[in-house]
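# Architecture and fold: a report
Listed below, chain by chain, are the residues.
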Amino acid sequence: MDITPHSAWDWFTGKPLNIVITVLAAVILRWLALRSIGRVVATTLARSDARRVGETSRAGRVLAQATGSAHERHRQRTLTMGSLLRSMVTFIVVMIAVLTVLTTVGINLGPVLATAGVGGVALGFGAQSLVKDFLSGIFMILEDQYGVGDVIDTGEAIGTVEEVSLRVTRLRDGQGVVWYIRNGEIIRIGNKSQGWSTAMVDIPVAYSENLDKVIPLIRTVVHELDGSAEWQDRLLDEPQVVGVESMTGSVVTIRVIAKTAPEQQYGVSREIRERVKAAFDANGIKAPVMTPFGPAGGGTP
């Protein structure tokens, strides 16, 4: 068969041209999709930065400073989801392009798809736990249930998150033991580091003490603590002296509640106790006397 320019052109405008158009369309579609995903990711990060910089309230500034890691976690989560979406788009576009090309060259896709369907079912049964782990990991990242540096309770273990992947979460407990927990096996999550924390301090005094003197003194102490520059970045609001929590025998317990930055409640509680103790000593306010048989002295049972 003689090959002439006309016959070559007729041949090219048939299946080869369709294949070229399919490949070019796939490349352009993938480029447009990846560009759109990149713009969405960039816009999301910019809005997050603007929201963080524009925070004017004291609580907002403290949380923005204390949760700098949370902001970085949000950034990493956004980038991770952007990367995942890019991979999914690439896989889908390439798969559609390959199937279209195979159809164009005359390959019957029926047996191929049937074989792939049977293989997919078998793989699904064999790897259903793996699929469950990956899906759970995706939703955990999307919903920002926890991130690196958070102290969480998974039901199986309590510890600090060291790594979060789509399949497993790695955390280290208080004894230094590293736990690897499959995301699909996590039923509930208690996050002790997200948002803000509460310091609850119970201060016991003798029953015989005058509460009209004790409670204003504690309020003065927590007011001075709130005004201290050292604690401005840990307290979201001035601690509140809510009053008498309980009366047992010769003990009157006064409760103080403070709203703090994440994981700062323990240091705030210790500081409140130390300052209140010093103020009690300076003003002659006595704590209840403890005996081997329990609190005693100074009041009516």
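Residues numbered from 1 in each chain as written. Predicted model: local features only at pLDDT ≥ 70, side-chain atom pairs only at ≥ 80, totals over all residues. Heavy atoms only, no water.

As annotated in an unreviewed UniProt entry, the protein carries the name Mechanosensitive ion channel family protein and comes from Pedococcus bigeumensis. Quoted verbatim from the Subcellular location (unreviewed entry) field of the UniProt record, the comment on the protein reads "Cell membrane". What the UniProt record of the protein gives under Sequence similarities (unreviewed entry) is the line "Belongs to the MscS (TC 1.A.23) family." (UniProt positions renumbered as here; feature names shortened; annotations may be inferred.)

This part takes up the sheet that holds strand β1 (residues 151-153). Taken in spatial order, the five strands line up as β4-β3-β2-β1-β5 in an open sheet, and their pairing is antiparallel. Of all strands in the sheet, those with a lone pairing partner are β4 (178-182) and β5 (190-191), marking the two edges. Alignment of β1 against β5, held across two bridges, turns out to be antiparallel. If you follow Ile152 over to β5, its bridge partner there is Asn191. (Pairing = 2+ DSSP bridges. Helix = DSSP H or I, 4+ residues; strand = E, 2+ residues; numbered from the N terminus.)

Here we take up helix α6 (residues 128-143). Its 16 residues place the ends of α6 22 Å apart at the C-alpha level, agreeing with the 22 Å of an ideal helix rising 1.5 Å per residue. For α6, the complete set of buried residues consists of Asp133, Gly137, Met140 and Ile141. Here the buried residues of α6 occupy an arc of 95° about the axis, which is enough to place them on one side. (Expected span 1.5 Å × (residues − 1). Buried < 20%, exposed > 50% of the residue type's maximum accessible area, 1.4 Å probe, protein only. Arc of directions from axis to C-beta.)

The nonpolar side chains of a soluble globular protein tend to be buried with one another. The biggest cluster of nonpolar side chains holds 24 residues, and the ones touching the most others in it are Ile218, Val256, Ile272 and Phe280. Every element with two or more residues in this core is listed here: β6 (197-206), α7 (211-227), β8 (251-260) and α8 (265-283). For this core, the element with the highest residue contribution is α7, accounting for seven residues. With near-sequence residues (within four places) excluded, Ile272 lies in contact with Val201, Leu225, Val256 and Ala258. (Core = buried A, V, L, I, M, F, W, Y, C linked by side-chain atoms within 4.5 Å. Contact = heavy atoms within 4.5 Å.)

As a further point, take the confidence of the model for the protein. Scored by pLDDT, the protein comes out at a mean of 78, with 77% of its residues at no less than 70. Across residues 297-301 the pLDDT falls below 50, and counting only partners more than four positions away or on other chains, this stretch makes seven contacts in the model. (pLDDT = per-residue confidence, 0-100.)

With that settled, consider the sheet that holds strand β7 (residues 240-248). Spatially, the three strands line up as an open sheet ordered β6-β8-β7, and their pairing is antiparallel. Sheet topology places β6 and β7 at the edges, where each strand pairs with a single neighbour. Mean inter-strand twist for the sheet, computed between neighbouring axes without regard to direction, equals 25°. Here β7 pairs with β8 via seven bridges, running antiparallel. Opposite Val241, over in β8, you have Val256 as the bridge partner. Helix-sheet contacts for α7 involve β6, β7 and β8, and the interaxial angle to β8 is about 20°. Across the sheet, α8 touches β6 and β8, and the angle it forms with β6 is around 25°. (Axes fitted to C-alpha atoms, helices over the stretch in contact; angles between N-to-C directions.)

Taking 1.5 Å of rise per residue, 17 residues should cover 24 Å, and α7 covers 24 Å from first to last C-alpha, within 8% of that figure. All of the buried residues along α7 are Val214, Ile215, Leu217, Ile218, Val221, Val222, Leu225 and Asp226.

Bringing the environment of Asp202 into the picture now. As for its placement among the helices and strands, Asp202 is situated in strand β6. Asp202 sits 55 residues away from Ile257 along the chain, and the two C-alpha atoms are 8.8 Å apart. Excluding residues within four positions of it along the chain, Asp202 makes contact with Glu245, Thr253, Ile254 and Arg255. Within the structure, Asp202 has its side chain in polar contact with the side chain of Arg255 (distance 2.7 Å). (Polar contact = N/O pair within 3.5 Å; in protein donor to acceptor, adjacent residues only side chain to side chain.)

Our next topic: the packing of α7 against α8. Where α7 contacts α8, the two axes come as close as 10 Å, and the packing angle between them is 130°. Judged by the inter-axis angle, α7 sits oblique to α8. Every pair of crossing elements has a handedness; the one defined by α7 and α8 is right-handed. Residues Lys213, Val214, Leu217, Ile218, Val221, Glu224 and Leu225 of α7 touch α8, and the partners they reach there are Glu271, Ile272, Arg275, Val276, Ala279, Phe280 and Asn283. Classifying every residue of the contact of α7 with α8 by side-chain character gives nine nonpolar, one polar and four charged. (Parallel < 35°, antiparallel > 145°, perpendicular 65-115°, else oblique. Left-handed = near helix turned anticlockwise from the far one by under 90°. Nonpolar A, V, L, I, M, F, W, Y, C, P; charged D, E, K, R; others polar.)

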